[in-house]
Amino acid sequence: MEEAKHKIPQKKKPEENIERQREKEMSDVEGQGSSGYTLQPSRLANEDILFCVDVDSESLVDMKVSVAGGRPYSRLDSIKQAILLFINAKLTINPDHRFAFAGLGKSAFWILLYCRSSIPPQHQWPATQKLFTLDVVYLHDKPGPDNCPQKVYDALVEALEHVSEYEGYIFESGQGLTRVLFRHICTLLCHPQQRCVQDDLDIPKSLTKKSVTVDLAPADENAAVSNQ
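Below or above, wherever it landed, is the structure these notes cover. Because the structure is predicted, anything quoted here is derived from the model rather than measured. (Residues numbered from 1 in each chain as written. Predicted model: local features only at pLDDT ≥ 70, side-chain atom pairs only at ≥ 80, totals over all residues. Heavy atoms only, no water.)

Concerning the environment of Gly176
- Along the chain, Gly176 falls in the loop between strand 6 (170-173) and helix 4 (178-187).
- Along the sequence, Gly176 and Asp141 sit 35 residues apart, while their C-alpha atoms lie 8.1 Å from each other.
- When residues no more than four places from it in sequence are discounted, the contact partners of Gly176 are Met63 and Lys64. (Helix = DSSP H or I, 4+ residues; strand = E, 2+ residues; numbered from the N terminus. Contact = heavy atoms within 4.5 Å.)

Set out below in structure tokens:
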């Protein structure tokens, strides 16, 4: 009786094993179809953006001049330039966005750009109606006996959370620098439907070299306005 012959399987080269694994993965993907790797097409809504600018007397306060011999601009003039920058950038992204303007004087004749350091805003809006997203840029003076910028800031945050449909952002500055205002305005270019929560926002990136030291002090959960 002829003795059965058994073949000893040869060891495959590592390259052959890798190639076969890739072919198997590609075969599995093709078998599943493209549905697992396809994003459903969607179009973000065109934005109707209303600028509500505070034209109270505090909006006429001069901003700081960062260049020697430069001409100072008032808060209101700086806001106008920032709005022009914002609109041109937004229309570059989507030419179908629309814009409107309103002023806030002694009474509202309706992105809020607020300039009062001692007068918290008041609003009347049903809690169940979230039909738009409110962004706020708050330019204020340094805290003092006649000012309460923290109280104003807290009221602005409350209003923003009360009325916003998507994630609304609020930025503040007591530094009086035009470039800080422009930086905040540029951050608001992101579409509300694509935003992360503001606490996770890490833009704009700092151009300075990162320090290797780590601050182990616990972060304060309550945001505070700057004293500078």
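Focus: the nonpolar core
- Within the largest apolar cluster, 20 residues are counted, with the highest numbers of intra-cluster contacts made by Phe51, Ile79, Phe86, Leu113 and Leu181.
- Elements that contribute at least two residues to this core include exactly strand 1 (48-54), helix 2 (75-93), strand 5 (136-139) and helix 4.
- Among the elements that make up this core, the one with the highest residue count is helix 2 (six residues).
- Residue contacts for Leu113: discarding those within four places in its chain leaves Phe51, Cys52, Val53, Asp54, Ile79, Ile83, Val137, Leu181 and Ile185. (Core = buried A, V, L, I, M, F, W, Y, C linked by side-chain atoms within 4.5 Å. Buried < 20%, exposed > 50% of the residue type's maximum accessible area, 1.4 Å probe, protein only.)

A few points about the pattern of salt bridges
- Inspection of the entire model under this criterion finds five salt bridges.
- Among the ionic pairs, Arg116 bridges to Asp54, the shortest N-O distance being 3.0 Å. The pair formed by Arg116 and Asp54 is uniform in burial state, with each residue classed as buried. (Salt bridge = Lys/Arg side-chain N within 4 Å of Asp/Glu carboxyl O.)

Things to note about helix 2
- A rise of 1.5 Å per residue sets the reference length of helix 2, with its 19 residues, at 27 Å; its end C-alpha atoms lie 27 Å apart and thus fit the reference within 8%.
- Those residues of helix 2 not exposed but buried are Arg75, Leu76, Ser78, Ile79, Ala82, Ile83, Phe86, Ile87 and Lys90.
- In this fold, the buried residues of helix 2 make contact with strand 1, strand 2 (98-104), strand 4 (112-114), strand 5 and helix 4. (Expected span 1.5 Å × (residues − 1).)

Section: the pairing of strand 1
- In terms of residue burial, strand 1 counts as a mostly covered element, since five of its seven residues are buried.
- Inspection of the sheet shows strand 1 paired to strand 2 by seven bridges, in the parallel sense. Note on strand 2: the bridge partner recorded for Cys52 is Ala102.
- Pairing of strand 1 with strand 4 involves two bridges; the strand directions are parallel. Counted as the bridge partner of Cys52 is Leu112 from strand 4. (Pairing = 2+ DSSP bridges.)

Digging into the side chain of Arg116
- Checked against the element boundaries, Arg116 lands in the loop between strand 4 and strand 5.
- Side chain to side chain, Arg116 and Asp54 meet in a polar contact 3.0 Å long. (Polar contact = N/O pair within 3.5 Å; in protein donor to acceptor, adjacent residues only side chain to side chain.)

Focus on the packing of helix 2 against helix 4
- Contact geometry of helix 2 with helix 4 gives a least axis separation of 10 Å together with a crossing angle of 35°. Once helix 2 is placed against helix 4, the crossing between them reads as right-handed. Across the interface between the two elements, Ser78, Ile79, Gln81, Ala82, Leu85 and Phe86 of helix 2 pack against Thr178, Leu181, Phe182, Ile185 and Cys186 of helix 4.
- The class makeup of the residues in the contact of helix 2 with helix 4 is eight nonpolar, three polar and no charged. (Axes fitted to C-alpha atoms, helices over the stretch in contact; angles between N-to-C directions. Left-handed = near helix turned anticlockwise from the far one by under 90°. Nonpolar A, V, L, I, M, F, W, Y, C, P; charged D, E, K, R; others polar.)

Notes on helix 4
- Of all the residues in helix 4, the buried ones are Val180, Leu181, His184, Ile185 and Thr187. Axial view of helix 4: buried residues confined to an arc of 160°, hence all on one face.
- Turning to helix 4, the residues buried within the fold contact helix 2, strand 4, strand 5 and strand 6. (Arc of directions from axis to C-beta.)

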